[in-house]
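Chain by chain, the residues:
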Amino acid sequence: MKVLVIEDEKMVAESIRAILESKGFEVETVYDGEAGTEYAELGIYDLLILDVMMPKLNGFQVARQVRADRCSTPILMLTARSDIEDRIQGLNAGADYYLTKPFDSRELLACVNALLRRQGDQVDELRMGNTALDLASCTLVCGENSVRLSAREFDVMRFLLQGKGRVLSKEMILARVWGYDSNAVENHVEVYMGFLRKKLQSIGSNLKIEAIRRLGYHLEVAE
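This section reports on the structure supplied with the text. Only a predicted model underlies this, so the values are computations on that prediction, with no experimental measurement involved.

Quick notes on the rules
Every chain begins its residue count from 1, and numbering advances along the sequence as written. Thresholds applied to this predicted model are a pLDDT of at least 70 for local features of residues and 80 or more for the giving and counting of side-chain atom pairs; totals over whole chains, interfaces and linings are not thresholded and use all residues. Side-chain numbers here rest on the full set of heavy atoms in the structure, without hydrogens or water. Each helix corresponds to a stretch of at least 4 residues labelled H or I by DSSP, and each strand to a stretch of at least 2 residues labelled E; elements are numbered beginning at the N terminus. Three labels apply to residues, based on accessible area from a 1.4 Å probe with only protein chains included: buried if under 20% of the type maximum, exposed if over 50%, partly exposed otherwise in between. Note on pairing: DSSP must find at least two bridges between two strands before they are called paired. Lines fitted to C-alpha atoms define the axes here, with helix axes fitted over just the stretch in contact, and angles between the N-to-C directions of these axes take values from 0 to 180 degrees. By the convention used here, residues are in contact when the closest approach between their heavy atoms is within 4.5 Å. The handedness rule is simple: strands pointing away from the viewer, and a clockwise path from the first strand over the helix to the second, make the crossover right-handed. Any angle between 65 and 115 degrees counts as roughly perpendicular, while under 35 counts as roughly parallel, over 145 as roughly antiparallel, and the rest as oblique. Throughout, a crossing is termed right-handed when the near helix is turned clockwise from the far one, and left-handed when it is turned anticlockwise from it by less than a right angle. Any residue outside Ala, Val, Leu, Ile, Met, Phe, Trp, Tyr, Cys, Pro, Asp, Glu, Lys and Arg is labelled polar, Gly included; the first ten of those are nonpolar and the last four are charged.

A few words now on the environment of Thr37. Note that Thr37 resides in helix H2 (residues 33-40). Given the relative accessible area of 7%, Thr37 is considered buried.

Written out as structure tokens, the structure reads:
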């Protein structure tokens, strides 16, 4: 699970990073609202942890922008402001939960797990065209035909399906699937797209993985 922490107080951001990494999360930190919006809109994170009072763009503005750009990633908003009006403003801006500073690490983890669990419970498959990706079994299904995916193939296919036809750059796919710190290169993406094309074809899927020169990949349904 990848978490983006958008928090201008670096000590707080690093404290949150340490708490989450100790539980196995991958964590990225940015320190102002403008950079936070750019990172969030990459669409590679499972959760956003968002401070309210930040330079350039405040947390309310970030949440509204992210939601306006159709990013559905859960948002946990953090703030020292505990007034009910501030909470309402945060929730109306698009936050899923509002946690007041100072907070206990156990409460933070409980909120994070609850939001991720809620996100995961919303669907048990992703579907496009005549094909579904079973999230529990890592299996592509088309009618009575099915094929099991490797862990990496599954991650790539899930990201493509979550994109709902949107063009995803090789950089985005590498960051989402392999991680920022990986030594993987763009050729790895090309290889796995080849694997997935063969598996889609083997089950009679009408999904096509299209390469857009210099832009990336997207899914489309064949006519």
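Now that the structure has been shown, the text picks up again.
What the five strands build is an open sheet, ordered S2-S1-S3-S4-S5; its pairing is parallel. Pairing within the sheet leaves two strands with one partner each, and these edge strands are strand S2 (26-30) and strand S5 (97-100). When the angles between neighbouring strand axes are averaged without regard to direction, this sheet yields 20 degrees. Two strands pair when backbone bridges link them, and strand S4 (residues 75-79) and S5 are joined in this way by four bridges, in the parallel orientation. The residue bridging Leu76 from the neighbouring strand is Tyr97, located in S5. Its contacts with the sheet put helix H4 (residues 84-93) on S4 and S5, and the angle it makes with S5 is roughly 145 degrees.

Right, let's get into the pairing of S4. In terms of burial, S4 is a largely internal element, five of the five residues being buried. Where burial is concerned, the two faces of S4 agree: the one with Ile75, Met77 and Thr79 and the one with Leu76 and Leu78 are both buried. Sheet topology note: the strand S3 (residues 47-51)/S4 ladder contains four bridges and is parallel. Residue pairing across strands places Leu48 opposite Ile75, the latter belonging to S4. With helix H3 (residues 59-68) bridging S3 and the parallel S4, this β-α-β connection has right-handed handedness.

Here we take up the packing of helix H6 (residues 151-162) against helix H7 (residues 170-178). One can describe the packing of H6 onto H7 by two numbers: an axis separation of 10 Å at closest approach and a directional angle of 130 degrees. In terms of their interaxial angle, H6 and H7 are classed as oblique. For the pair H6 and H7, the crossing hand works out as right-handed. Two secondary-structure elements touch here, H6 through Arg152, Asp155, Val156, Arg158, Phe159 and Gln162 and H7 through Met172, Ile173, Arg176, Val177 and Trp178. Here the residues of the contact of H6 with H7 sort into six nonpolar, one polar and four charged.

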